[in-house]
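The primary structure of each chain is shown beneath.
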Amino acid sequence: MAETHSLQDMRQQAAIAAKVFIQRDYTNGTVCQFQTKFPSELETRIDKQQFEETVRTLNNLYAEAEKLGGSSYLEGCLACLTAYTIFLCMETHYEKVLKKIAKFIQEQNDKIYAPRGLLLTDPIERGLRVVEVTIFEDRSLGR
Amino acid sequence: MHLGLDEPVRECQYNPICTRNSSSMETSGHKKKRTPRRKWQIFPGRNRFYCNGRVMMARQTGVFYLTLILIMVTSGLFFAFDCPFLASNLTPAIPVIGGVLFVFVLGMLFRASFSDPGVLPRATPDEAADLERQIDASNGPSGPGYRPPPRIREVVINGQTVKLKYCFTCKIFRPPRASHCSLCDNCVERFDHHCPWVGNCVGKRNYRFFYLFILSLSFLTVFIFAFVITHVILRSNRTGFLSALKDSPVLVCFFSVWSIMGLSGFHTYLISSNQTTNEDIKGSWSTKRAKDNYNPYSYGNILTNCCAALCGPLPPSLIDRRGYIQPDTPQPVSHSNGSCMYNSTQLQSHMCDQEHCIQSTKFVLQAAATPLLHSDPVMMGGEGPTLPGKSSLGGPCASLTPSQPSLPSSMPGLGCAGDMLTLRDPDTHCHHHHFVSPEETPSPGPMPLTLPCPAHMTHGGHMNPAQLYDPASQDSLHEDSVRGLVKLSSV
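In this report, the structure presented in the accompanying data block is examined. Quick caveat: nothing in here was measured; it's all calculated off a predicted structure. (Residues numbered from 1 in each chain as written. Chains lettered and ligands numbered in written order. Predicted model: local features only at pLDDT ≥ 70, side-chain atom pairs only at ≥ 80, totals over all residues. Heavy atoms only, no water.)

### Concerning the packing of aromatic side chains
All names here are of chain B. Test applied: Only Phe, Tyr and Trp rings are paired, with Trp represented by its six-membered ring, and only when their centres lie within 6.5 Å; those with planes under 30 degrees apart are stacked, over 60 edge-to-face, the remainder tilted. Under the scheme applied here, a residue whose accessible area is under 20% of the maximum for its type counts as buried, over 50% as exposed, and between as partly exposed, the area being computed with a 1.4 Å probe on protein chains only. Ring-over charges, as used throughout, are those where CZ of Arg or NZ of Lys falls within 6 Å of the ring centre and within 35 degrees of the ring normal.
With the rule as written, the count across this model stands at 16 aromatic pairs over all chains. Measuring from ring centre to ring centre gives 5.8 Å for Trp-40 and Phe-49, while their planes differ by 40 degrees; the resulting arrangement is tilted. For the pair shown, Trp-40 and Phe-49 are each scored as buried. Judged by centre distance (5.4 Å) and plane angle (85 degrees), the rings of Tyr-166 and Phe-168 are edge-to-face. Given a relative accessible area of 4%, Tyr-166 falls into the buried group. Given the relative accessible area of 15%, Phe-168 is considered buried. In textbook terms, an aromatic cluster arises when at least three aromatic residues are bridged by ring pairs, as seen for Phe-78, Phe-79, Phe-102, Phe-223 and Phe-227. The side chain of Arg-153 reaches across the aromatic face of Phe-173, ending 4.2 Å from its centre. The lysine or arginine in question, Arg-190, covers the ring of Tyr-207, its NZ or CZ lying 5.2 Å from the ring centre.

Quick look at the structure:
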């Protein structure tokens, strides 16, 4: 489609109209979860269900990263026994999930958000504090 | 904005000014053009970085070297004088086990000291502005003499109401269990305490290393102590010869055994109840505060709490210290001007003005403050109980004491040798200045002056990085005193 810009183009050419920040949701403690409340600024740009689905998937991925279970305990014990030197060769489970999250956000941006003039920033770039949604100026060319 | 080429001599004279004001270059760009800079070089906190950002420690590292020397000297004496005898007369397994323990202790010490404790990066200007807007909207218009209430958000976690405080330095609402360390000038996740012995904060990412360090150190000291005594007894049976040299590791070990074992016991209790030192000292979850007070973070049973703390997933560092600075990324500032700043030249030049203002204020206050200063701000000795035998290996952790004189009942027989940090106001930052005003939430008015000066210097861009990250202790002392005096004057 001719109107669809790549993310790079959008970043360089489009002017930023506003930024919306989705804050953390601490009702379950210190685990990384984001609020699923739909911000009013995005009402004209994207479907509420779509957005909430994105945030919910993100929350599930972060929960998977921090999950306490057999595999994470095993990894922890093994690391302790090797005096944490095994992390020189292999990635932690958390890091693997973070890569998955980065891919997921890239996908979401390409398929859903960029065509609507929005851009999600990976929360890890903001210290896992917020999900930054950049709203670009509405080009309104054939839309 | 370039001068004409027909006057080459004059052009050379004006070039320096010309380059700075040129709109085609970012102010910090003329440095970036030469070598790409890494993020640790502009890190706003008061940390020291070594090995090109791989190692991260607090600014005051003297006590860490002391810890290292004590461990090495004690172990060295043991291996040199006691092990040959014990290996030949008892079993060679003794020096082997001792060696393994020694290596493990050092490994854990380095891991605890050199890693990022879980520092939260400061808010970007956009985020800070967004939060300010939200706070202003919820507060409503303020009258001429009205001071806005402290910025607090309440959240219910597992049935307990927890207050999230707004950090003025980092411009964020602190997550639960996070706290701002005034020594390192960073917000740290799951903040336990700042440990001078380890030369770093102890937080979410390095708590397990710290715990394993003190646990293995207690095993090591007990091990050395036991075998030194064995050696002395065996020798005195044969020759009756007790030299003064044999005594010294005994004495050192004797005092350190009790303090380190006490500390390990205390932290074992903290881990099993999933509390931090900070929470325990403040009594956040104690039933003395309220009848139905309980710890909302505890998993319910001791085993799960221990496993979660020690074997749980290790979160990655949030500050990406070795990443390269992207020219278009908004860099966090230590103060907000209430508006989004996208143009970094504007940002840099504005901060240069601010910096000049603060530098000149600093010099004036320095001149006034100099007679008031003592020698060392960290070693506030005499403000807490000291152990006898100060030369001991003991008390690797200087935990925070409340302003009440009694130690919490959960620390039986524990004393941290001398280096206690006094806690001015249990609810907020930990401070080590005894002349800081009791007001912990400064009003936004004098904000620009009460800012940590090193933070400004890091953003100035034209300060020598070597100077930044290896300041003379006098310089830091002056900054601290300036900050204290300015805060006092702002009350």
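### Structural notes on the pairing of strand β2 (residues 55–58) of chain B
Here is the rule: We call two strands paired when DSSP finds no fewer than two bridges between them. Each helix corresponds to a stretch of at least 4 residues labelled H or I by DSSP, and each strand to a stretch of at least 2 residues labelled E; elements are numbered beginning at the N terminus.
With 4 bridges connecting them, strand β1 (residues 47–50) of chain B and β2 of chain B associate as antiparallel partners. In the sheet register, Phe-49 of chain B faces β2 of chain B, and the bridge partner there is Met-56 of chain B.

### Here's the deal with the pattern of salt bridges
Residue and element names in this part refer to chain B. Just so we agree on the cut-off: Salt bridge, as applied in this entry: a Lys or Arg side-chain nitrogen positioned within 4 Å of an Asp or Glu carboxyl oxygen.
Inspection of every chain in the model, using the stated rule, returns 17 salt bridges over all chains. With a closest N to O distance of 3.1 Å, Lys-39 and Asp-320 form a salt bridge. Taken as a pair, Lys-39 in the loop between α2 (29–32) and β1 and Asp-320 in the loop between α9 (302–311) and α10 (344–369) lie far apart in primary sequence, 281 residues in all. A salt bridge links Arg-177 to Glu-279; the shortest N-O distance between them is 3.0 Å. Of this pair, Arg-177 sits in the loop between β6 (172–173) and β7 (179–181) while Glu-279 sits in helix α8 (residues 277–282), and the two are 102 residues apart along the sequence.

### Here we look at the packing of helix α3 (residues 62–89) of chain B against helix α6 (residues 207–238) of chain B
All names here are of chain B. What counts is decided by this rule: Where helices are involved, their axes are fitted lines through C-alpha atoms of the stretch in contact, as for all axes, and angles between N-to-C directions lie from 0 to 180°. Our angle categories are set so that under 35 degrees counts as roughly parallel, over 145 as roughly antiparallel, 65 to 115 as roughly perpendicular, and the remainder as oblique. For any pair of crossing helices, the crossing counts as left-handed if the nearer helix is rotated counterclockwise from the farther one by less than a right angle, and right-handed if it is rotated clockwise. Should any heavy atoms of two residues lie within 4.5 Å, those residues are counted as being in contact. Asp, Glu, Lys and Arg are counted as charged, while Ala, Val, Leu, Ile, Met, Phe, Trp, Tyr, Cys and Pro are counted as nonpolar; the rest, among them Gly, fall into the polar class.
Between α3 and α6, whose axes approach to 10 Å, the crossing angle comes to 40 degrees. Between α3 and α6, the interaxial angle falls into the category oblique. When you trace α3 past α6, the crossing you get is left-handed. Residues Thr-67, Ile-71, Ser-75, Phe-78, Phe-81, Asp-82, Phe-85, Leu-86 and Asn-89 of α3 touch α6, and the partners they reach there are Phe-213, Leu-217, Leu-220, Phe-223, Ile-224, Phe-227, Val-228, His-231, Leu-234, Arg-235 and Arg-238. For the contact of α3 with α6, the class distribution of residues is 13 nonpolar, 4 polar and 3 charged.

### Notes on the nonpolar core
The cut-off we apply is this: We call a set of buried Ala, Val, Leu, Ile, Met, Phe, Trp, Tyr and Cys residues a nonpolar core when their side-chain atoms join them within 4.5 Å.
Judged by nonpolar contacts, the single largest core of 44 residues is most densely connected at Ile-71, Phe-78, Leu-109, Phe-210 and Phe-213 of chain B. Counting residues per element, the ones that place at least two in this core are β2, α3, α4 (93–114), α6 and α7 (244–272) of chain B. No other element matches α6 of chain B, which puts 12 residues into this core. Judged by nonpolar contacts, the second largest core, of 36 residues, contains Val-20 and Ile-22 of chain A together with Cys-170 and Leu-318 of chain B.

Any functional reading would require information that these geometric values do not contain.
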